[in-house]
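Next come the chains, spelled out residue by residue.
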Amino acid sequence: MSKIQDDDKLYSFLRPFVDHHTYRSFTHYKIVGRENIPAAGACVFGSNHCNTLMDALVLLAMSRQKKVFIARGDIFSNRHTAKILRWLRILPIYRMRDGINSVRDKNSGTIEQAVDVMHDEVPLYLFPEAAHRTKHSLRPLSKGIFHIALDANRKFGHEKPVYIVPVGIEYGDYFRFRSTVLVNYGKPINVTEYMQEHKDENEAVIINNLKAVLAERMASLISYIPDNEDYDAIWEITKIKSGRMPMTLKMRLDKNKSCIAEILGFKEREPDKAGELFQKVNEFTRHRKKENISVKSVAMRTPLWRTMWKTLLVLLGLPLFVASAVASCPIWITASFILNNLKDKAFRNTVNVCVELLMHPLIMATGVTLLFCLTPWQYAILGSIFLYYSYVFYFDYSEYVRLWTSDLRWTLNKTLRREFKQLRLFKHLQ
């Protein structure tokens, strides 16, 4: 039987196409911390899991290297699906909820294959939280990544070092297509070195210690907020404070982390005042959402001036938007139909990307053929370029209009703005 990491001509042919459409799914896609990835050795990468299939697509697109992923075992229940997933270089790992027999019997085979992937120095990616969640927080980490790393170290740690590399994925918005994404690689854990320094400890203690280190490093790579009753208020304050000025994705992350640290420090020093602030912020958030006003409108200064020049841009872009909406209607109509019947909002971006990935080439092939058959070549080239960007423009314009109408509501809503002024009496919202 061939190895999962072996070359496959069809996979290699389609991979650049998929990566390209992943990039198209974001207005900005940025990778930082590449210098933390060991140049030599066997690596298993542990990432936070907050946006379903998008997390894997984002990590896949970060380099042209071969990569193997590990996903939850229940999606492999159908043998045809399992075959496709293996072709996509995805291995199954089973959890206790899948049954004790699955964990004991099937995971041993996965770990063996995963260790072989690492031995060949092919990057192995998995999500130690074992389930996705659209929050700037972390679930307790499962033990799978540590069993794989320790097994790899036992088998070939004397030949090459084994590393666990923490990864943080930071989205501008979990649910909106064409948002932003930052992939942040952290300082690796040298498992081989760690094991040499802790020879006398039993494996259970070692796994718990490694789990604590990895969780801490993963948390440092995202806008981490403890998942408790104050989470929503802290995140609302952070978005308001860090969203006032244009900045790079890395600067935004650093600003978020600084705001969160400041707020958590305030909560620890003055819990009563913090509780009062959080309560008022939660009330404001409820009122803001009821009025369908984006937190981005609240965060920006001079809403009246901004609304005026945005109105001009909306009017100028309207004819091109109408043309783009017509040209790309098969994509957005199909996506809208699926999204309207979607139960888990976390899959919104995944649906948008998959529909665009499958339908955009068909529209391009049909449209370009018709253009070159029916119009002069100069117009056909211009039409092809327009067709290629039509869905992107349609979506970006729609988002721009959404924020413009939000700005307009915020400008005209004196009651909500007065409520926000009262909030700004607290120094943490100034």
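Structural notes, computed from the coordinates. (Residues numbered from 1 in each chain as written. Predicted model: local features only at pLDDT ≥ 70, side-chain atom pairs only at ≥ 80, totals over all residues. Heavy atoms only, no water.)

Considerations on the side chain of S25
So, step 1. Structurally, the position occupied by S25 is in the loop between α1 (9-24) and β1 (26-32).
So, step 2. A polar contact is formed between the side chain of S25 and the backbone oxygen of H21, at a distance of 2.8 Å.
So, step 3. Aside from chain neighbours lying at most four places away, what touches S25 is F177, R178, S179 and V353. (Helix = DSSP H or I, 4+ residues; strand = E, 2+ residues; numbered from the N terminus. Polar contact = N/O pair within 3.5 Å; in protein donor to acceptor, adjacent residues only side chain to side chain. Contact = heavy atoms within 4.5 Å.)

Remarks on the nonpolar core
So, step 1. By size, the foremost hydrophobic cluster in this structure holds 50 residues, and its most contacted members are Y29, V58, L59, Y171 and Y185.
So, step 2. With near-sequence residues (within four places) excluded, Y171 lies in contact with F26, C50, N51, M54, D55, V58, H136, T180 and V181.
So, step 3. Formed by 36 residues, the second largest nonpolar core is a distinct cluster that contains A42, A114, V115 and Y194. (Core = buried A, V, L, I, M, F, W, Y, C linked by side-chain atoms within 4.5 Å. Buried < 20%, exposed > 50% of the residue type's maximum accessible area, 1.4 Å probe, protein only.)

Some thoughts on the pairing of strand β7 (residues 179-185)
So, step 1. Here β7 lies mainly inside the structure; seven of its seven residues are buried.
So, step 2. Here β1 pairs with β7 via six bridges, running parallel. The residue of β7 that forms the bridge with Y29 is V181.
So, step 3. Alignment of strand β6 (residues 162-171) against β7, held across five bridges, turns out to be antiparallel. Bridging across to β7, V167 finds its partner in Y185. (Pairing = 2+ DSSP bridges.)

Points about the pattern of salt bridges
So, step 1. On inspection of all chains with the given rule, the structure shows 22 salt bridges.
So, step 2. Among the salt bridges present, the one from D230 reaches K267, with a minimum N-O distance of 2.7 Å. Of this pair, D230 sits in the loop between α7 (203-219) and α8 (231-242) while K267 is found in helix α9 (residues 249-269), placing the two residues 37 residues apart along the sequence. (Salt bridge = Lys/Arg side-chain N within 4 Å of Asp/Glu carboxyl O.)

Side note on the layout of surface pockets
So, step 1. For the second largest pocket, the calculated volume is near 1,400 Å³.
So, step 2. As for the second largest pocket, its lining consists of 47 residues, and the residues nearest its centre are A56, I70, A71, I75 and I90.
So, step 3. Breaking the lining of the second largest pocket down by element, the ones donating at least two residues are α1, α2 (53-60), β3 (68-72), α3 (79-87), β4 (90-93), α4 (100-119), α5 (144-156) and α14 (348-374).
So, step 4. Within the lining of the second largest pocket, the residues separate by chemical class into 33 nonpolar, nine polar and five charged. (1 Å grid on protein atoms, 1.4 Å probe; cavity = no way out; pocket = protein on both sides within 12 Å on 5 of 7 lines; lining within 4 Å. Points joined across faces, edges and corners; volume = space filled by probe spheres on them. Nonpolar A, V, L, I, M, F, W, Y, C, P; charged D, E, K, R; others polar.)

Focus on α9
So, step 1. Taking 1.5 Å of rise per residue, the 21 residues of α9 would be expected to cover 30 Å, and the 30 Å separating its terminal C-alpha atoms lies within 8% of that figure.
So, step 2. Where α9 is concerned, the buried positions are L253, N256, C259, I260, I263, G265 and F266.
So, step 3. For α9, the elements touching its buried residues are β6, β7, α8 and α10 (271-290). (Expected span 1.5 Å × (residues − 1).)

Thoughts on the environment of A71
So, step 1. Within the secondary structure, A71 is located in strand β3.
So, step 2. Taking the C-alpha atoms as reference points, A71 and I90, separated by 19 residues in sequence, lie 6.5 Å from one another.
So, step 3. Residues in contact with A71, not counting those within four places in the same chain, are F76, I90, L91, P92 and I93.

Looking at the packing of aromatic side chains
So, step 1. The full count for this structure, using the stated rule, is 22 aromatic pairs.
So, step 2. For the pair Y388 and Y389, a centre-to-centre distance of 4.8 Å together with 90° between the ring planes defines the contact as edge-to-face.
So, step 3. Relative accessible area serves as the criterion here: at 21%, Y388 is assigned to the partly exposed category.
So, step 4. Through a chain of ring-to-ring contacts, three or more aromatic side chains come together here, namely F177, F321, W332, Y391, F393, Y394, F395 and Y397.
So, step 5. K160 extends its terminal NZ or CZ atom over the ring of F156, reaching a point 5.9 Å from the ring centre.
So, step 6. The positively charged end of K310 is found above the aromatic ring belonging to Y400, 5.3 Å away from the centroid. (Phe/Tyr/Trp six-rings, centres within 6.5 Å; stacked < 30°, edge-to-face > 60°. Lys NZ or Arg CZ within 6 Å of the ring centre and 35° of its normal.)

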